[in-house]
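# Chains, contacts and geometry: an overview
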Amino acid sequence: MRKEFSMSNNTEAKNVNTKRMTWYTLAFMAFSTVWGFGNVVNGFGYFNGTQVIFSWILMFVLYFVPYALMVGELGSAFKNLGGGVTSWVLETTNPKLAYYAGYTYWVVHIPYIASKGSGGLKALAWMCLKNSWYDALPTWQVQLATAVVFLLFCWIATRGLSVLKPLASLAGTTMFAMSLLYILMMFAAPAINPAASFSNIDWSWENIIPQFNVQYFTSLSILVFAVGGCEKISPYVNKVENPAKNFPKGMIALAIMVMVCAILGTIAMALVFSPVTMTVAADGTIAGAEVTAGSSFQVFALGQNAQTIKDAVAAAGSAGVDPAVIDGWVTAQTGQDFAMAMTSTGFIANGQYEAMRELGGLYHVGNLFVILYGACNAIGQFSTLTLSIDAPLRMLLDDENARQYVPKALLKQNRFGAYTNGILLIVVLSGAIIAIQLMGSGASDVIAWLTRLNSVCMPMRYLWVFFAYIMLRRQSAKFPREYEFVKNNGVALFFGFWCFFVTAACCLMGTIDLSDMGRTVLNIAAPIVYLLLGMIMPMIRKREDEKGA
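Okay, so let's go over this structure. Computed from a prediction, not measured in an experiment: that's the story for all the values here.

Attention now moves to the overall build of the protein. When its secondary structure is counted, the protein shows 24 helices and five strands. With 549 residues in all, the protein has 57% of them scored as buried. For the protein, contacts bridging at least 24 residues in sequence account for 81% of all contacts bridging at least 6. Total accessible area on the protein is roughly 22,300 Å²; 65% of this is exposed by carbon and sulfur atoms.

If you walk through the whole model with that rule in mind, you get 11 salt bridges. Residues Asp 135 and Lys 122 are paired through a salt bridge, measuring 2.6 Å at the closest nitrogen-oxygen approach. Here Asp 135 is found in helix H8 (residues 131–136), whereas its partner Lys 122 is found in helix H7 (residues 109–127), with 13 residues between them in sequence. Using a relative accessible area of 1% as the deciding quantity, one classes Lys 122 as buried. A salt bridge links Lys 408 to Asp 545; its shortest N-O distance comes to 3.8 Å. Here Lys 408, found in the loop between helix H19 (400–403) and helix H20 (420–436), pairs with Asp 545, found in helix H24 (residues 517–548); they are 137 residues apart in sequence, far enough to count as distant. Judged by its relative accessible area of 42%, Lys 408 is partly exposed. Connected through shared salt-bridge partners, Glu 73, Arg 473, Arg 481, Glu 484 and Lys 487 make up one network.

Another point: the side chain of Ser 455. For Ser 455, the position within the fold is in helix H21 (residues 443–457). A relative accessible area of 0% places Ser 455 in the buried class. Residues within four places of Ser 455 in sequence aside, it is in contact with Ser 221, Ile 222 and Phe 225.

Let us now look at the environment of Gly 351. Structurally, Gly 351 can be placed in helix H17 (residues 344–362). Overall, the relative accessible area of 0% leaves Gly 351 in the buried class. It is 8.6 Å that separates the C-alpha atoms of Gly 351 and Gly 38, two residues lying 313 residues apart in sequence. With residues near it in sequence (within four places) discarded, Gly 351 still touches Val 41, Met 269, Phe 273 and Gly 346.

This part takes up the nonpolar core. Residues Tyr 63 and Tyr 182 are the most contacted members of the largest nonpolar core, which totals 153 residues. Residue contributions to this core peak at 15 residues, all from helix H14 (residues 243–270). Not counting chain neighbours up to four residues away, the residues in contact with Tyr 182 comprise Phe 37, Ala 268, Met 269, Val 272, Ala 355, Met 356 and Leu 359.

Moving on, we come to H7. Taking 1.5 Å of rise per residue, the 19 residues of H7 would be expected to cover 27 Å, and the 26 Å separating its terminal C-alpha atoms lies within 8% of that figure. Extensive coverage of H7 is indicated by the burial of 17 of its 19 residues.

Within the secondary structure, Lys 116 is located in helix H7. One polar contact links Lys 116 to Gln 381, side chain to side chain, over a distance of 3.1 Å. Ignoring any residue separated from it by four or fewer positions in sequence, one finds Lys 116 in contact with Gln 381, Thr 384 and Leu 385.

Scanning all chains against the criterion turns up 28 aromatic pairs. An angle of 35° between the planes, with centres 5.6 Å apart, marks the rings of Phe 44 and Phe 347 as tilted. Here Phe 347 lies in helix H17 and Phe 44 lies in helix H3 (residues 37–46), a separation of 303 residues in the sequence. Here Phe 44 falls in the buried class, since its relative accessible area comes to 0%. In this structure Phe 347 comes out as buried when scored by relative accessible area, which is 0%. Through a chain of ring-to-ring contacts, the aromatic side chains of Phe 37, Trp 126, Tyr 182, Tyr 353 and Tyr 373 assemble into a single cluster. Its end group placed over the ring of Trp 449, Arg 519 keeps NZ or CZ at 4.1 Å from the ring centre.

The N-to-C vectors of helix H5 (residues 85–92) and helix H6 (residues 95–107) enclose an angle of 160°; their axes lie 8 Å apart at closest approach. Compared by their axis directions, H5 and H6 come out roughly antiparallel. Our pair here, H5 against H6, has a crossing hand that is right-handed. Along its contact with H5, which presents Val 85, Thr 86, Val 89 and Leu 90, the element H6 presents Pro 95, Leu 97, Ala 98, Ala 101 and Gly 102.

Each value, and the rule that gives it
- Residues numbered from 1 in each chain as written.
- Predicted model: local features only at pLDDT ≥ 70, side-chain atom pairs only at ≥ 80, totals over all residues.
- Heavy atoms only, no water.
- Helix = DSSP H or I, 4+ residues; strand = E, 2+ residues; numbered from the N terminus.
- Buried < 20%, exposed > 50% of the residue type's maximum accessible area, 1.4 Å probe, protein only.
- Contact = heavy atoms within 4.5 Å.
- Areas by Shrake-Rupley, 256 points an atom, 1.4 Å probe, with all protein chains shown as cover.
- Salt bridge = Lys/Arg side-chain N within 4 Å of Asp/Glu carboxyl O.
- Core = buried A, V, L, I, M, F, W, Y, C linked by side-chain atoms within 4.5 Å.
- Expected span 1.5 Å × (residues − 1).
- Polar contact = N/O pair within 3.5 Å; in protein donor to acceptor, adjacent residues only side chain to side chain.
- Phe/Tyr/Trp six-rings, centres within 6.5 Å; stacked < 30°, edge-to-face > 60°.
- Lys NZ or Arg CZ within 6 Å of the ring centre and 35° of its normal.
- Axes fitted to C-alpha atoms, helices over the stretch in contact; angles between N-to-C directions.
- Parallel < 35°, antiparallel > 145°, perpendicular 65-115°, else oblique.
- Left-handed = near helix turned anticlockwise from the far one by under 90°.

This is the structure we're talking about:
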């Protein structure tokens, strides 16, 4: 997911060419920063394959479009401010709330930082074609390696190495281009390689409309996380030709492009991935995996023989074959190894790489695509790790209004300008997340767990965007602006409250992990701990100021 930092600084705003940009330039610029291939994989994995298409359409129409247009209005109202969400909250309310907005933006990156080391090591494993070996490692070894990588890049962050930002941009742009090429090449594959077999996509009504059950609603935070972050483009609202007319046109074009890519990407994946739902044996095993006895279990058959495997699994269910031995039964019936099927956890962690590997097979280039994708993702993950340690912390502690609520010890800087004690605090907080992941059952399980935790925590920063918009419209006459989302103040407030409610509800429901109560506790505890820390810090600073007076 390509959404690292959503508050723009003054330098970014000043470096924009004074020449007015067209609406389609804005749309393409926003598209490359908001969207990523991982969004397609997560949606496909959490929402039963092609059933996610319905959910993507709902999310774009009812959430993303008004969200993007509200961001445009905020950017137009505060065009001369470079602090992003913090500045918007400060202008519409008071410094204390602005501190909480900045603090939220920083603290939600804690689990995100913990996930970057895991993601980078996973990418390296795929680049070296050693993922099977890496996934088989004991969890303690995986987390030890993750901790070493994390500490190394924390140290690098203290050295102020600016070369990582362009490196991250280059790697991210390359991955973005490869994700678009994947969609195009997958649709061209049947014509170029007609001898290959592809999964048959079921377009029946039952396979398109999802089941609106607890599993569905507790997964919606994944989609909110995927489409968030468009506040990055707010400084460019008034750089567009005729903002009142062309900015909403650009945002609608952005929404259409993202929606089309989400739908086409889902269809492209469905050509080689087939979700199969089964019932677990009484002894709690299926294809060698330990799961909850009697529960529903989903696997993803993959490769050019995905349909063959899927049909065989369905036939096994009809024949009453014990799921504990279904792997051997499928192999005997089809000649295809059931190991070609992944669990949902494995799909979330490895789906994007498996997709690239299958694409290489279709075009007879072997593992070329997965090696390139793995290399780009490794560079992107590790450089983003360093930037995520440094940049959000700087945004919080460089802000004069926020600094007055932060303990003085956290304001200490070294000769490179890095906030060393702030980075030490990140080591403690993110290190705790890495340690807790020792309870996971392997590298893929850890990544899937962190993906879910990030989908709960990261969207919390979007709440401040909608809060700022509500406060703006409540004082509408006070802030002149070239562009307004809607003229009617009541309608504007409705959308502000609507998006706030959707974000908050999805974050709350996303904490529930139906398969593991322990993870549910962590998903709930992490935001509470972060909130309490944010409340304690001003108290400490107040006591320090009183002693120094």
